[in-house]
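# Breakdown of the fold
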Amino acid sequence: MASKKTNKATFSYGGMKISFTKSKNKAAVQYNPGLKPQSSELESSQVGPPPTQVGEFEVFQSDNSLDEKLDEQRERPDVSVGTHIWHMEGEEDTSFIPTGNLYIEFKEGTDDENQRALLEELHLSLLEVVGPDAYRASVTAQSPNPITCVVELQKKKIVKIAEPEFLTKPVSGFSPPAGRFIATQWHLENTGSQIPIIDIPNAVYGTSHFKRGADAKVKEAWAFLGNLGSKTLKIAVIDTGFATDHPQLRGDGAKVVNTFNAAKRNADVSPWFQVSDGSWGVFSHGTSCAAVAAGALDMQGILGAAPNARIMPIKLDILSDDAIRNAFEHALINGADIISCSLGFPKPVPLSTYITNFLSKVAREGRGGKGIPMFFAAGNANPASNNQPRAVSDFAAHPESICVTASNSLDEHSDYSFYGPNAFLCAPTNGNDGVGITTATVDAGGNNQLELGYTSGFGGTSSAAPLAAGVCALMLSANPKLTLSQIKTILRQACDKIGSTREYDANGHSNYYGFGRINALKAVQMAVQATGGTSVPAGNTGGSGTGTTTPPKQPATTAQRGKVISKFLNVRSGPSTANAKVGQLNQGDIVNLLEKTSGFWRIGQGQYVSAEYIQVLAVNGAPVTSRKGKVTSTFLNVRTGPSTANAKVGELKKGAVVTIFETSSNGWHRIGDKNWVIGTNIQEV
């Protein structure tokens, strides 16, 4: 279908009017499956930079006769699509490739025959019936180009929405600087003290970089919970690639679940990518984000906000409607409890209507209808390239988004963070005179091997979003029955107001901080108190309170139980008599024995009793003093205490049977006097 060439177009996209201009020297081709030549004609004839790959498209440059060159490529039998590259007006540094697919909604009540007639008029091929009067279609050889199609469709009175599908590369927003790791993760607990810089001997980050309490209160939430979160929860991390062998992601070997590559629709989430000169590089961003959310406790002492949670890595290194839908659909159908995404479009374009509607469906239907919380990074390029303030856009602006902005280790707004009415909360990360986040990273090593390591320079809203997602996992560990509405309400009410009170409106909202800095302790406490939460003693705030309590209700499990053998027994907020009394038990009361540490049994959320006054019971109610376990690894070191930092005092071989007297909070078993082994290599028998 012949049509006049269009070099500039203004149309509605994602509810906004946007102007696009056609590139004067760049175009792209897509090859038929399996027919891409080893060395294309484009590559051999290229005068400027070599062709680059963006998804299934090969982008090439021609400073002269671009139209003729593109027409030549369209005639080739191995080329399925040839298209011009488009830019947002005034933003020529980012390319948008029309894939040839369109999203079309007709006005309600439009006759089916009129709908078909219009599709036939533009020679469009139907791809998907999205819903009543809503379709995805693709252009054919007889159609005008996709942009012209959209412009023509939007002129029709019967058309409600018509949008092209664009393909572009995502922006991760933060490149970690050089540096290995720091010893202390201040975002989990900020004492205001100086922190040693491990990669620079005898050097420290001074106290001027820290403000006591400018953190997410994660360590306090762990103390209140009495654990590091639930292993039944899955956090879907949508990002550019993952090193799943990193100790932070590997964990106990079952930590990573349901890997998925959204563009290729396979399980390959490798961080490798090929650059335009044919060499290979590595994306470290996804690995770092996943570790901030749920990194396993490893021998370096580094861990995420919810170390016990499972990680569902979803690779999304190309942004198109298909790939985005694939990513979020995978999270939905594979039972993700939480979604964390620190990606965004390189320029402030809105999400397409199709994707906006689909994300609403995911949020609504996730977790068996309770709703799935989606945490999105606000973005890190403020001000924009035109030196204008940059507001939140695309994913983070979605109505169901929990948009996370950035605060630093001094409780200040990080200047680079995007902002606006969509900001929901802020979370500690780097910025201004603050310090970066310690987390996992990965780089390209020799012999095409991944070099696994740590960085103390991660940050941006890219780090803030997964931190908030990890805090949400702690909330759901305390109360898995929370609905999406309850989660948002709790997060909003639990936030700490930082910055000037003048920055918050009458509803307690700031365009920079959202409803304030996230507070994991308050959020977990409120989650417990919400409908369906685990019972805790009256007045228990994780460290103070008085009153009495009744034994926790006995669930229908085979969990170990114990009986109080003293006349009365104090219940404390932690495993020491120095911790506050939060309740009292009476002789004969039966309680759940969840774990034993420092001579105390944890019997509930933030509830500990002295083991000296508890008689352990077997399932049938008979007293029991210990249990047996078998070594499952080739050999197993025996140490003087429950960590690898303690001295080695012996070694066990595979198959050896040991007696387990107690289990520490970090999963180590005591098998004798000052004899400890890591529990991951012991199978109870």
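See the structure printed just above.
The following paragraphs examine the structure supplied in this document. Everything quoted here is computed from the prediction, not taken from an experiment.

In total, this model carries 20 salt bridges according to the counting rule given. A salt bridge links E152 to K155; its shortest N-O distance comes to 3.6 Å. Highlighted residues: E152 and K155, both in helix α4 (residues 146–155), separated by three residues, approximately one helical turn. E152 gets classed as partly exposed once you look at its relative accessible area, which sits at 32%. Measuring nitrogen to oxygen at the nearest pair gives 3.4 Å for the salt bridge that ties R325 to D322. With R325 and D322 both in helix α8 (residues 321–333), this residue pair falls three residues apart, about one helical turn.

By the burial criterion, the buried members of helix α3 (residues 112–121) are Q115, L118 and L119. Relative to the axis of α3, the buried residues are bounded by an arc of 100° and lie together on one face. Of the exposed residues in α3, the ones pointing more than 90 degrees away from its buried face are E113 and E120. The residue sitting at the N-terminus of α3 and contributing the capping side-chain oxygen is D111; that oxygen lies 2.8 Å from the backbone nitrogen of E113. Looking one or two residues past α3, H123 carries a phi angle of roughly 55°, positive in sign.

Strands sit in the order β34-β31-β38 across an open sheet of three strands; the sheet is antiparallel. Bordering the open sheet on either side are β34 (657–660) and β38 (682–684), each of which pairs with just one other strand. Strand after strand, the sheet turns through a mean of 40° between neighbouring axes, direction not considered. Where strand β31 (residues 627–631) lies against β38, three bridges are found, and the strand directions are antiparallel. Note that in β38 the partner of V631 across the bridge is I682.

What follows concerns the pairing of strand β5 (residues 79–88). Among the 10 residues in β5, eight count as buried, and that is most of the element. Examined bridge by bridge, strand β2 (residues 16–31) and β5 share eight bridges and lie antiparallel to one another. Bridge pairing in β5 links T21 to H87.

On to unusual backbone geometry. Despite not being glycine, S65 shows a phi value in the positive range, around 55°. Summarising the element assignment, S65 is placed in the loop between β4 (57–61) and α2 (66–75). Given a relative accessible area of 47%, S65 falls into the partly exposed group. The backbone of N258 shows a phi angle near 55°, a positive value even though the residue is not glycine. Relative to the helices and strands, N258 resides in the loop between α6 (247–250) and β13 (260–261).

This part takes up the packing of α8 against helix α9 (residues 353–365). Remark: α8 packs on α9, axes separated minimally by 10 Å, with the N-to-C direction vectors making an angle of 5°. With respect to each other, α8 and α9 are oriented roughly parallel. In contact with D321, I324, R325, F328, E329 and L332 of α8, α9 contributes Y354, I355, F358, L359, V362 and E365. Considering only residue class, the contact of α8 with α9 consists of eight nonpolar, no polar and four charged.

Evaluation of the coordinates by the stated rule reveals 15 aromatic pairs. For the pair Y13 and F166, a centre-to-centre distance of 5.8 Å together with 50° between the ring planes defines the contact as tilted. Here F166 lies in strand β9 (residues 159–167) and Y13 lies in strand β1 (residues 8–13), a separation of 153 residues in the sequence. Each member of the pair, Y13 together with F166, is buried. Site record: aromatic cluster; members linked through ring pairs are F11, Y13, F20, F96 and F166. Over the ring of Y354 we find R136, and its NZ or CZ is 4.8 Å from the ring centre.

This next bit is on the nonpolar core. Generally speaking, nonpolar side chains in soluble globular proteins are found buried as a group. V218, I235, F375, L425 and L491 are the most contacted members of the largest nonpolar core, which has 67 residues in total. Counting residues per element, this core draws most heavily on helix α10 (residues 460–478), at 12 residues. Sequence-distant contacts of F375, that is, excluding residues within four places in its chain, are made with I338, I339, S340, C341, I402, V404, A465, A468, A469, C472 and L491. L153, A162, M374 and A378 belong to the second largest nonpolar core, which has 65 residues in total.

For the rest of this paragraph, the subject is the sheet that holds strand β17 (residues 338–341). Spatial ordering of the open sheet is given by β13-β16-β12-β17-β18-β19-β20, a layout of seven strands whose pairing is parallel. Across the chains shown, the open sheet's two edge strands, defined by having one partner strand only, are β13 and β20 (423–428). Here strand β12 (residues 234–239) pairs with strand β16 (residues 310–315) via six bridges, running parallel. Paired with I235 across the strands is I311, a residue of β16. Across the sheet, α8 lies against β12, β13, β16, β17 and β18 (374–377), angled at about 160° from β16, the strand it touches most.

What follows deals with helix α5 (residues 218–225). Listing the buried residues of α5 in full gives V218, A221, W222, F224 and L225. With its buried residues spanning 160° around the axis, α5 presents them on a single face.

About the criteria used
- Residues numbered from 1 in each chain as written.
- Predicted model: local features only at pLDDT ≥ 70, side-chain atom pairs only at ≥ 80, totals over all residues.
- Heavy atoms only, no water.
- Salt bridge = Lys/Arg side-chain N within 4 Å of Asp/Glu carboxyl O.
- Helix = DSSP H or I, 4+ residues; strand = E, 2+ residues; numbered from the N terminus.
- Buried < 20%, exposed > 50% of the residue type's maximum accessible area, 1.4 Å probe, protein only.
- Arc of directions from axis to C-beta.
- Polar contact = N/O pair within 3.5 Å; in protein donor to acceptor, adjacent residues only side chain to side chain.
- Pairing = 2+ DSSP bridges.
- Axes fitted to C-alpha atoms, helices over the stretch in contact; angles between N-to-C directions.
- Parallel < 35°, antiparallel > 145°, perpendicular 65-115°, else oblique.
- Contact = heavy atoms within 4.5 Å.
- Nonpolar A, V, L, I, M, F, W, Y, C, P; charged D, E, K, R; others polar.
- Phe/Tyr/Trp six-rings, centres within 6.5 Å; stacked < 30°, edge-to-face > 60°.
- Lys NZ or Arg CZ within 6 Å of the ring centre and 35° of its normal.
- Core = buried A, V, L, I, M, F, W, Y, C linked by side-chain atoms within 4.5 Å.

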